[in-house]
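Here is what each chain is made of, one letter per residue.
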Amino acid sequence: MSDPFAFLQGPARWVVFLVLVVATVLYSIALGNQGEKLKNSVATQKVVSLELAWTQDRAAAIIKTWVDDSKLDLAKKQIHWDFGFLMLYPLAFSLACSLLARSPKGLGGPIGFVIAWSMLAALPLDATENIFMLRMLNSLGQGVTKLDVLGASLAAGIKFVVLSAACGYILVQGLLLLWKRVFP
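Residues numbered from 1 in each chain as written. Predicted model: local features only at pLDDT ≥ 70, side-chain atom pairs only at ≥ 80, totals over all residues. Heavy atoms only, no water.

**A few points about the packing of helix H7 (residues 122-138) against helix H8 (residues 146-182)**
Then step 1. Look at H7 against H8: their axes get within 8 Å of each other, and the N-to-C directions meet at 155 degrees. Between H7 and H8, the interaxial angle falls into the category roughly antiparallel. Where H7 crosses over H8, the handedness of that crossing is left-handed. Contacts from Ala122, Leu125, Asp126, Thr128, Glu129, Phe132, Met133, Arg135 and Met136 of H7 reach H8 at Leu147, Asp148, Val149, Gly151, Ala152, Ala155, Ala156, Ile158 and Lys159.
Then step 2. Taken together, the residues that form the contact of H7 with H8 break down as 11 nonpolar, 2 polar and 5 charged. (Axes fitted to C-alpha atoms, helices over the stretch in contact; angles between N-to-C directions. Helix = DSSP H or I, 4+ residues; strand = E, 2+ residues; numbered from the N terminus. Parallel < 35°, antiparallel > 145°, perpendicular 65-115°, else oblique. Left-handed = near helix turned anticlockwise from the far one by under 90°. Contact = heavy atoms within 4.5 Å. Nonpolar A, V, L, I, M, F, W, Y, C, P; charged D, E, K, R; others polar.)

Given below as structure tokens:
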């Protein structure tokens, strides 16, 4: 399997990686702070609660709390801002997997490249989930549809599986490389 970042050579890979990591961390902090106001007894995980609602009743209950708390516009704003975030974190995680897979002292290079390519799928998955959530938030008079809830939840679920695989690979491969460096 090829490296999705083969076009980046030498120090450019690391410069791009560092820029992506810093931008991802800063954007994540900003989104987290903004979204904190959406957290309540029903939406315990802020917007993620709506991403993974899975049922019409659960999604409707989450949206109702935001309407009752006058937070619906904030929820929409949070999702719109997430379109910027989805341009950062998939690339950062994908490039991290790619860098670790290229390491001559590491193991699992082909697995790392598969995960790096898979992580790029988080971009359209996250965009799809955002579109379905915005449809839910904008259809208050008509009610939440099953398609919107399942579309958002499936896209988010797959995205989180891929993200978990990337995090696991980064952790295991990173620890392995650290071990080999300390105990050559």
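**What about the pattern of salt bridges?**
Then step 1. A complete count under the given rule lists 8 salt bridges for this structure.
Then step 2. Taking the shortest distance from any N to any O, the salt bridge between Asp3 and Arg102 comes out at 2.6 Å. Placement of Asp3 in the segment before helix H1 (11-35) and of Arg102 in helix H5 (residues 89-102) is noted, with a sequence separation of 99 residues between them.
Then step 3. For Asp3, a relative accessible area of 9% corresponds to the buried category.
Then step 4. Using a relative accessible area of 39% as the deciding quantity, one classes Arg102 as partly exposed.
Then step 5. Across the pair Lys64 and Asp68 runs a salt bridge, and its minimum N-O distance is 2.7 Å. A residue pair is termed a helical-turn pair when its members lie 3 or 4 positions apart in one helix, as Lys64 and Asp68 do in helix H3 (residues 56-68) at 4 residues.
Then step 6. Taken together, the shared-partner salt bridges in this structure form one network comprising Glu51, Asp126, Glu129 and Lys159. (Salt bridge = Lys/Arg side-chain N within 4 Å of Asp/Glu carboxyl O. Buried < 20%, exposed > 50% of the residue type's maximum accessible area, 1.4 Å probe, protein only.)

**What to know about unusual backbone geometry**
Then step 1. Positive phi, normally seen in glycine, also occurs at Lys46, with a value near 60 degrees.
Then step 2. Structurally, Lys46 can be placed in the loop between H1 and helix H2 (47-51).
Then step 3. A relative accessible area of 22% means that Lys46 is categorised as partly exposed.
Then step 4. Phi is positive for Ser70, which is not a glycine, with a value near 55 degrees.
Then step 5. Mapped onto the elements, Ser70 comes out in the loop between H3 and helix H4 (72-85).
Then step 6. Overall, the relative accessible area of 66% leaves Ser70 in the exposed class.

**Some points on the layout of surface pockets**
Any empty space left between the atoms is revealed when a probe the size of a water molecule rolls over them.
Then step 1. Quantified by volume, the largest pocket comes out at close to 460 Å³.
Then step 2. In terms of lining, the largest pocket is formed by 21 residues, of which the most central are Leu31, Val48, Glu51, Asp82 and Phe85.
Then step 3. Of all the secondary-structure elements, those providing two or more residues to the lining of the largest pocket are H1, H2, H4, H5, H7 and H8.
Then step 4. Per-element accounting of the lining of the largest pocket gives the leading share, 5 residues, to H1.
Then step 5. Grouping the amino acids of the lining of the largest pocket by side-chain chemistry returns 8 nonpolar, 7 polar and 6 charged. (1 Å grid on protein atoms, 1.4 Å probe; cavity = no way out; pocket = protein on both sides within 12 Å on 5 of 7 lines; lining within 4 Å. Points joined across faces, edges and corners; volume = space filled by probe spheres on them.)

**Some remarks on the side chain of Ser49**
Then step 1. Within the element layout of this structure, Ser49 appears in helix H2.
Then step 2. With residues near it in sequence (within four places) discarded, Ser49 still touches Val42, Ala43, Thr44, Arg58 and Ile62.

**Some details on the nonpolar core**
Then step 1. Judged by nonpolar contacts, the single largest core of 28 residues is most densely connected at Tyr89, Leu95, Cys97, Met119 and Tyr169.
Then step 2. Those elements that provide at least two residues to this core are H1, H5, helix H6 (109-120), H7 and H8.
Then step 3. Discounting chain neighbours no more than four positions away, the residues touching Leu95 are Phe5, Arg13, Val16, Phe17 and Leu20. (Core = buried A, V, L, I, M, F, W, Y, C linked by side-chain atoms within 4.5 Å.)

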